[in-house]
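# Chains, contacts and geometry: an overview
In case you want the letters, here they are:
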Amino acid sequence: MATTNIYLTFNGNCEAAFNFYKSVFGGDFNYISKFSDMPPSENQQVAEADKDKIMHVSLPIGQSILMGSDAGGEWCANNFLVGTNFSISITADSKAEADTIFNALAESGKITMPMADTFWGDYFGMLIDQFGISWMMSFNENYSK
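Conventions and cut-offs
Residues numbered from 1 in each chain as written. Predicted model: local features only at pLDDT ≥ 70, side-chain atom pairs only at ≥ 80, totals over all residues. Heavy atoms only, no water. Helix = DSSP H or I, 4+ residues; strand = E, 2+ residues; numbered from the N terminus. Buried < 20%, exposed > 50% of the residue type's maximum accessible area, 1.4 Å probe, protein only. Contact = heavy atoms within 4.5 Å. Pairing = 2+ DSSP bridges. Axes fitted to C-alpha atoms, helices over the stretch in contact; angles between N-to-C directions. Salt bridge = Lys/Arg side-chain N within 4 Å of Asp/Glu carboxyl O.

### Re unusual backbone geometry
One non-glycine residue, Ser 108, lies in the positive phi region at around 65 degrees. Along the polypeptide, Ser 108 turns up in the loop between α3 (95-106) and β6 (110-117). In this structure Ser 108 comes out as exposed when scored by relative accessible area, which is 60%.

Now the structure itself:
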């Protein structure tokens, strides 16, 4: 069965925020990377001003994982708004489950990133449902049960 976690989006202060959350909740980051860590791509160029921003960070808290990133580039100017800067992240147990849930949530909504294999190893996609809620869907066969 799929699990859900909260994914927070920041406007350049993700690293400071997550260091604060780490001081509150304890533990260590499972993963942290910056936009400069992205492999080169013809389709996605990282602006110099965004290279030191956080691309992804995850902090385990009990049985959940708090995740986050900085907004950057063209997706920041129109998509970052304090108070709506979060998504619900779903991790599926299979690729088929990921597709089923993603397609159901996308009905009458807007797919912002179709499901696809990514350079970080996940099968991943994003959407905004018909009620304006942002969702992230992922499956990684290396972490499936």
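The rest of the description comes next.
### Some details on the environment of Phe 124
Looking at the secondary structure, you find Phe 124 in strand β7 (residues 123-128). When the C-alpha positions of Phe 124 and Ala 106 are compared, they lie 14 Å apart, and in sequence the two are 18 residues distant. Beyond its immediate chain neighbours, meaning those up to four positions away, Phe 124 contacts Met 113, Pro 114, Met 115, Ala 116, Thr 118, Met 136, Met 137 and Ser 138.

### Some words on the sheet that holds strand β3 (residues 54-61)
Reading across the sheet, the 8 strands line up as β2-β3-β4-β1-β5-β8-β7-β6 and stay open at both edges, with mixed pairing between neighbours. The open sheet is flanked by β2 (31-34) and β6, the only strands paired with a single partner. The mean angle between the axes of side-by-side strands here comes to 20 degrees, regardless of whether they run parallel or antiparallel. Inspection of the sheet shows β7 paired to strand β8 (residues 134-139) by 6 bridges, in the antiparallel sense. In the strand pairing of β8, Gly 125 is matched with Met 137. Along the sheet, helix α1 (residues 14-25) makes contact with β1 (3-10), β2, β3 and β4 (64-70), crossing β3 at roughly 10 degrees. Against the sheet, α3 makes contact with β5 (86-91), β6, β7 and β8, and its axis sits at roughly 170 degrees relative to β6, the strand it touches most.

### A few points about the pattern of salt bridges
Enumeration according to the criterion identifies 5 salt bridges in this entry. The closest approach of N and O atoms between Lys 22 and Asp 28, which form a salt bridge, is 3.9 Å. Between Lys 51 and Glu 48 there is a salt bridge, with its nearest N and O atoms 3.4 Å apart. The exposure class of Glu 48 is exposed, given its relative accessible area of 62%.

Everything listed here is a matter of coordinates, which is why it stays silent on function.
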